[in-house]
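This is what each chain is made of:
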Amino acid sequence: MRRLTISKPRVCGVFLKLAPLGVAVALSGSAAQSVELGTYPGGRQPSHQGISTRSQYLKMDDGVRLALDVLLPKDFAERKFPTIIRWTPNGRAARNAAPTALDLFFVEHGYARVLVDERGTGASFGVEKFGKRNLRDMSEVVDWIIRQSWSNGKIGAEGDSSDGRSAELFAAAGNPAVRAVATRYSDFDELSGSVMPGGILAEWLVNTKSDYSRKRNDVKFFKPVDEDRNGSLLKQAVRDHQANPDFSDLMGKIAYRDDFIPELGMTAGGIGVASERDAIQKSGVPFFIQAGWLDGASAASAIRRFNELQNSQRLVIGPWNHLGMFPSTLNSKEEISPLTTVQQWSELLSFFDRYLKEEKLPSGKQLFYYTLGEEKWKAASQWPPAGAVKRRLYFSPDFSLVSAMPTSGTVTYSANPDTSSGYANRWHTQVTPAVARYPSLDEGRLTFTSSALTEIVELTGTSSITLKIKSTTADAAFFAYLEILPSFGSPVYVTEGQLRALHRNGREFLKKDAAPLTPGEWTEITFDLLPHSVRVEKGARVRISLAGADKDTFERVGANANWNLDCGASFLDLATMERAASNPTVRVPAEDPDPLELRKWKGRFPVGNAFLEVVPAFDHLTVLQNGQEALEQTAHVKSGDRSRLAERNSIAKTIADALAKEDMGPLSRSVTLLLRPMTGSILGEWRSFTRQIGTIQSVEVMGTADYTEKNWAASFLLVRGTRGFRMFTLRWSGMKISGWGQDEGFPAIRDYYPAPDGTFVSPAKQNLPAARIRKVGEVVEFVH
C-alpha cells in the first residue's frame, strides 16, 4: 500500500528532456580503426580429423585422486600441442558421453583438451574445497601436463559459470605454464555477484544450487575413469563427497565478507576469485571474458574485473542471460544471439591461438558491448565508454521524475513483504534456462515516471540511486528497478540494483563498515544499478520502481519497515551517452543461411543408433535418435477422418507462419478447437531450438504423414536458420494434449551447426557420439 504525504510542495515543472545522443568510444586512440568480432583467425581450417580419449586418476600431493580426461587428435603421433583445460565441479562428462562439440572444435584445431573433476566432485575423491587447496591442485595438474609427451608446455584454461571461475583461478595458481584464460558468464566476486548482491542473501539461488549439487551427487551422473571397469572407484569417490560442506547452510550464517567460516578455514570473501586479485594481476595472464546484460551480475562483475585488473582483457558483453542461452531484445519476441555459437567459438579460438600458438604479447584492453534497441555492437577501451555522462532526475512528490530539484516534499512507503520480481528474473534464470521476464514492476512498489522523451536517447553506463530516507527499523532492504515505458506496448525491463542498509558505508560488506539505521532519523543511501546499454525511442518514458522486498529471490530484511522518502534529496543518476564521436567499426561476419542446399538432400545415412532421414514423399529433413518417436509436439484437433491431410497441411502452414512471427494470435486462431492452451508449450519448444539455429530464414511445411496404425498423423515443418537447421513436428492425435521433449533426459532431435571446413557438426547428446556431415555434389555423407 502506498501512502502519500506532501508538505507545501513547490515542484518545478521541468521534466526529462534529453538531447539526441550518439556513441562516443575510442580504441587505442584510433578513431579510424576497424575491429572484428566473431571471426576465425585468418580463416584457419581444422588441422585434424578425429579425436582420441583416455580417462585416468591423478594423485595429488596429499594423496587425493582427481579424475581427468585427455582428448587428443587421433593423428597426433609425435606432435606436441598446447592444452586447454576445463576444471569443473559439475562433472567433466556424463556417463558414457562422447566429447562435446566444443571439445571436438578445440582438438580438431590443434589443441589437447584436458577435463578435470574438481576434488570432492564428479569421479574425483576427497572433499570439496575452496581457496588455496584448489590452487595447489591446479598447479599440480599443470605440472603433470607439461611433462607429457604430447604437451608443448603451454596451457590455457576455459569455462563458463562455475567452470569459468575455476578457469580464472588458474591465473592465480602461479604456474608460469598458464598463458591464457577464457572465462564466460562467471562472477569475479561470487559473494557480491550471486551470493549476496548488495549485501542481501540471494536465498533462492543459493538454496537451489545447493539442492542441485546434493541431488546430482550420484554415481549415475558421472563418468568413471578407464581403469574403473566395474564402477567401484566411482562409488568410493562419491562416498567421499558426503562430507562436502552444505554451501547454503554456510552462506545463510554470514552477514559480512570477513565473517570466518570454520568449515572452509577462511572468510566468506575467500569463496570468490576476487580474493586472489593480487596473484592474478602478478601473473600477467591475458583474459577473454564474455558476459550478459541479463545474466545476474556477470556484466557488472566483468566490468569490475576489466577496471581493476591490469591484465590484458578482451571483454564481450551481449544481450544474454546465463550461459548465453537466451538473448533478449526490446521487441516483443526473442531474436537469435547477435553472435552465433560458431562466432563465439571463433572468438575463443582466436584468443587461444594468439597466446598459445602465435605467442604474441598481451594486447591491452578491448571492450565490446551490445546496445539493445539499436541492435548494434560497439567498441571501447574503458567503462563507462567515452562520452557517457550521468543525468540527474529527482523524485518528485507527485511521483514524477524531474530534472530540477523539488524544494520540498516527502512520500511514505510501507514495504510490502509479498513483492516479487517473479520466477523468470535475471537470478532465477541462472539455474532454470529461460528468457528473462519480469512481471509488472509498479505493483506494490513506489514508482516515479518521467515525461515522454523528446528525442532518441541511449542509456549506456552504470546508473545509480540516492535515497534520503527515514526508516522505522534498524535495517532494511532497498530494491530499485529501471524500466522503459514505450509509447505503445508493455513496460520493458532494463536493469535493477539493491542494497541492504546495514552495508551502506562500504561496498565490501566488512564488519568495520557496518552501519545500522537509527529508526526515525534521516539517512542517505546510495547504490548502483547493474550496468546497461539500451537505445530508447522518442516518446517513451523512464520509470524507476522502489521496493523493500523480493520474496521469491532474496532474504527478507527489515520486516514491516516503513520509509519516509525526502524527494528533494533523492534522485536517479541515469547513465546516458552525451555526444557523438568517431567509433571503430565493429564487423561481425555474416553466415550462409543454407550452405548445404537442404532441398537436394535425399537418402538415409546411419550413424550409431541415430540416423539422418529424408523422406522423398514429403521432401523433409529430420535428424532423429530413436526413430519418429524422438521429439513430437502434440496439437489438439478433432479426431475422426484421418485422411484429411490437405486440411492439416493448411493448418500446419498457418501454424508455421505464426511460429515464424511468434504471433500468438494467428497461432491460436489457426486451430479453433482448444489450441490456445497449447500456444505456450508450442512457442516454448520452438524457442528452445531456434535459439540454437539462429535467425529464422524460412519455415516450410514439407508435408503430413498419416500413421493409421498408431492413430496419429504428423506434420513436418523444416526450419532453416543462419547457423543450422531442424525439423519441427506437429502431431495430430485426436483429443490428446501433451508437450514432449522439454524434460531432462527425454530424447531430442539432433542439431547440426556449420563448421569452418564446410561441414556441419552435431554435439554429442544422450550418450550418442558426436556426428559430422558434409555435402559433396549431390551426395550427403557422414564424416567419421
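Residues numbered from 1 in each chain as written. Predicted model: local features only at pLDDT ≥ 70, side-chain atom pairs only at ≥ 80, totals over all residues. Heavy atoms only, no water.

### Focus on the overall build of the chain
Link 1 in the chain: Secondary structure assignment for the chain yields 13 helices and 39 strands.
Link 2 in the chain: Looking at the 784 residues of the chain, the share that counts as buried comes to 59%.
Link 3 in the chain: A separation of at least 24 residues holds for 75% of the contacts in the chain among residues at least 6 apart in sequence.
Link 4 in the chain: A total of about 30100 Å² of accessible surface is found on the chain, and carbon and sulfur atoms cover 50% of it. (Helix = DSSP H or I, 4+ residues; strand = E, 2+ residues; numbered from the N terminus. Buried < 20%, exposed > 50% of the residue type's maximum accessible area, 1.4 Å probe, protein only. Contact = heavy atoms within 4.5 Å. Areas by Shrake-Rupley, 256 points an atom, 1.4 Å probe, with all protein chains shown as cover.)

### Some remarks on the packing of helix α1 (residues 101–108) against helix α10 (residues 341–357)
Link 1 in the chain: The N-to-C vectors of α1 and α10 enclose an angle of 35 degrees; their axes lie 11 Å apart at closest approach. Judged by the sense of rotation from one axis to the other, the crossing of α1 with α10 is right-handed. Contacts between α1 and α10 involve A101, L102, F105 and F106 from the former and W345, S346, L348, L349 and F352 from the latter.
Link 2 in the chain: Taken together, the residues that form the contact of α1 with α10 break down as eight nonpolar, one polar and no charged. (Axes fitted to C-alpha atoms, helices over the stretch in contact; angles between N-to-C directions. Left-handed = near helix turned anticlockwise from the far one by under 90°. Nonpolar A, V, L, I, M, F, W, Y, C, P; charged D, E, K, R; others polar.)

### What to know about the environment of T208
Link 1 in the chain: By the secondary structure assignment, T208 is in helix α5 (residues 203–216).
Link 2 in the chain: The spatial distance from the C-alpha of T208 to the C-alpha of T432 is 10.0 Å, given a sequence separation of 224 residues.
Link 3 in the chain: Reaching out from T208, the side chain makes a polar contact with the backbone oxygen of W204 at a distance of 2.7 Å. (Polar contact = N/O pair within 3.5 Å; in protein donor to acceptor, adjacent residues only side chain to side chain.)

### Regarding the packing of aromatic side chains
Link 1 in the chain: Within this structure, the stated rule accounts for 23 aromatic pairs.
Link 2 in the chain: Aromatic side chains F105 and W345 sit 5.3 Å apart centroid to centroid with 45 degrees between the ring planes, which places their arrangement in the tilted category. Separated by 240 residues along the polypeptide, F105 in helix α1 and W345 in helix α10 bring together distant segments of the chain.
Link 3 in the chain: Ring geometry for Y185 versus W320: centroids 6.2 Å apart, planes at 80 degrees, classification edge-to-face. With Y185 in the loop between β8 (178–184) and α4 (190–195) and W320 in the loop between β12 (313–318) and α10, this residue pair connects regions lying 135 residues apart in the sequence. The residues Y185 and W320 share a single accessibility class, namely buried.
Link 4 in the chain: Through a chain of ring-to-ring contacts, the aromatic side chains of F105, F106, Y111, F288, W345, F351, F352 and Y355 assemble into a single cluster.
Link 5 in the chain: Here the guanidinium or amino end of R65 rests over the ring plane of F125, the centre of that ring lying 4.1 Å away. (Phe/Tyr/Trp six-rings, centres within 6.5 Å; stacked < 30°, edge-to-face > 60°. Lys NZ or Arg CZ within 6 Å of the ring centre and 35° of its normal.)

### Regarding the pattern of salt bridges
If charged atoms from side chains of opposite charge come close, those side chains can pair.
Link 1 in the chain: Following the criterion strictly, the structure yields 38 salt bridges and no others.
Link 2 in the chain: Between R587 and E36 there is a salt bridge whose closest N-O contact spans 2.2 Å. With a gap of 551 residues between them, R587 in strand β28 (residues 585–587) and E36 in strand β2 (residues 34–36) connect regions that are remote in the sequence.
Link 3 in the chain: Of the residues examined, E36 reaches a relative accessible area of 33% and is grouped as partly exposed.
Link 4 in the chain: In this structure, D160 and R184 form a salt bridge, with 4.0 Å as the shortest nitrogen-oxygen distance. Residue D160 is located in strand β7 (residues 151–160), and its partner R184 is located in strand β8; the two are separated by 24 residues in the primary sequence. As far as burial versus exposure is concerned, D160 and R184 are alike and both buried. (Salt bridge = Lys/Arg side-chain N within 4 Å of Asp/Glu carboxyl O.)

### Side note on the side chain of D550
Link 1 in the chain: Residue placement: D550 occurs in the loop between β25 (541–547) and β26 (562–566).
Link 2 in the chain: R445 is the oppositely charged side chain nearest to the buried, salt-bridge-free D550, at an N-O distance of 5.6 Å.
Link 3 in the chain: Separated by 2.6 Å, the side chains of D550 and S421 make a polar contact.
Link 4 in the chain: Those residues within four positions of D550 in sequence are excluded, and the remaining contacts are T419, S420, S421, N425, F479 and Y481. (Lys, Arg positive; Asp, Glu negative; His and termini not counted.)

### Considerations on the nonpolar core
A general trend in soluble globular proteins is that nonpolar side chains are found buried together.
Link 1 in the chain: Grouped together as the largest cluster of nonpolar side chains are 118 residues, with contacts concentrated most on F395, F448, I544 and L572.
Link 2 in the chain: Considering every element that reaches this core, the biggest residue donor is strand β21 (residues 477–485), with seven residues.
Link 3 in the chain: The contact partners of I544, leaving out residues within four places of it in the chain, are F395, L401, L446, T447, F448, I465, A480, Y481, L482, L529 and L572.
Link 4 in the chain: The next biggest cluster of nonpolar side chains, apart from the first, holds 29 residues, and it includes W320, F351, Y355 and Y370. (Core = buried A, V, L, I, M, F, W, Y, C linked by side-chain atoms within 4.5 Å.)

### Considering the environment of V195
Link 1 in the chain: By the secondary structure assignment, V195 is in helix α4.
Link 2 in the chain: Judged by relative accessible area, which is 2%, V195 ranks as buried.
Link 3 in the chain: Along the backbone, V195 and V206 are 11 residues apart, and their C-alpha atoms lie at a distance of 6.4 Å.
Link 4 in the chain: Leave out the neighbours within four places in its chain, and V195 touches E190, I200, L201, A202, V206, F247, M251 and I271.

### Some thoughts on the sheet that holds strand β5 (residues 81–88)
Link 1 in the chain: Spatial ordering of the open sheet is given by β3-β4-β6-β5-β7-β8-β11-β12-β13-β14, a layout of 10 strands whose pairing is mixed. Both edges of this open sheet fall to β3 (51–59) and β14 (376–380), since each of them pairs with a single strand only. When strand polarity is set aside, the average angle formed by the axes of neighbouring strands in this sheet is 20 degrees.
Link 2 in the chain: Packed onto the sheet, α10 meets β5, β7, β8, β11 (287–292) and β12 and runs at close to 165 degrees relative to β8. (Pairing = 2+ DSSP bridges.)

### Considering the sheet that holds strand β22 (residues 492–500)
Link 1 in the chain: A sheet is described by the order of its strands in space; here four strands give the open sequence β18-β25-β21-β22, paired in antiparallel fashion. Only two strands of the sheet have a single neighbouring strand rather than two, namely β18 (446–449) and β22. For this sheet, the mean angle separating the axes of adjacent strands, direction not counted, is 15 degrees.
Link 2 in the chain: Strand direction decides the pairing type here: β21 and β25, joined by seven bridges, are antiparallel. Bridge pairing links A480 to L546 in β25.

### A look at helix α3 (residues 162–172)
Link 1 in the chain: Here α3 lies mainly inside the structure; 11 of its 11 residues are buried.
Link 2 in the chain: Considered for burial, the residues of α3 that qualify are S162, D163, G164, R165, S166, A167, E168, L169, F170, A171 and A172.
Link 3 in the chain: At the exit of α3 stands G174, carrying a positive phi of roughly 80 degrees.

### Considerations on the packing of helix α2 (residues 132–146) against α3
Link 1 in the chain: Between α2 and α3, the shortest axis-to-axis distance is 9 Å and the interhelical angle comes to 75 degrees. Put simply, α2 runs roughly perpendicular to α3. Of α3, the residues touching α2 (which contributes L135, M138 and V142) are S166, L169, F170 and A172. (Parallel < 35°, antiparallel > 145°, perpendicular 65-115°, else oblique.)

### What about the side chain of D117?
Link 1 in the chain: In this structure, D117 sits in strand β6 (residues 112–117).
Link 2 in the chain: Judged by relative accessible area, D117 falls into the buried class, the value being 0%.
Link 3 in the chain: Apart from the residues lying within four places of it in its own chain, the contact partners of D117 are L66, A67, T88, G91, R92, G122, A123 and S124.

### Considering the environment of K59
Link 1 in the chain: By secondary structure assignment, the location of K59 is in strand β3.
Link 2 in the chain: Once the C-alpha coordinates of K59 and D137 are considered, the two residues, 78 residues apart in sequence, prove to be 9.5 Å apart.
Link 3 in the chain: Non-local contacts of K59, meaning those with residues more than four positions away in its chain, are made with V64, R65 and E140.

### A word on the confidence of the model for the chain
Link 1 in the chain: On average, residues of the chain carry a pLDDT of 78, and 72% of them reach 70 or more.
Link 2 in the chain: Note that residues 331–335 has pLDDT below 50 and, in this model, 10 contacts with residues that lie over four places away or in other chains.
Link 3 in the chain: Across residues 670–677, where pLDDT falls below 50, the model places 19 contacts with residues more than four positions away in sequence or in other chains. (pLDDT = per-residue confidence, 0-100.)

### Description of the pairing of β7
Link 1 in the chain: Counting buried positions along β7 gives eight out of 10 residues, so the element sits mostly inside the fold.
Link 2 in the chain: Bridging between β5 and β7 involves four bridges; their strand directions are parallel. From the neighbouring strand, I85 faces β7, where its bridge partner is A157.
Link 3 in the chain: Sheet topology note: the β7/β8 ladder contains six bridges and is parallel.

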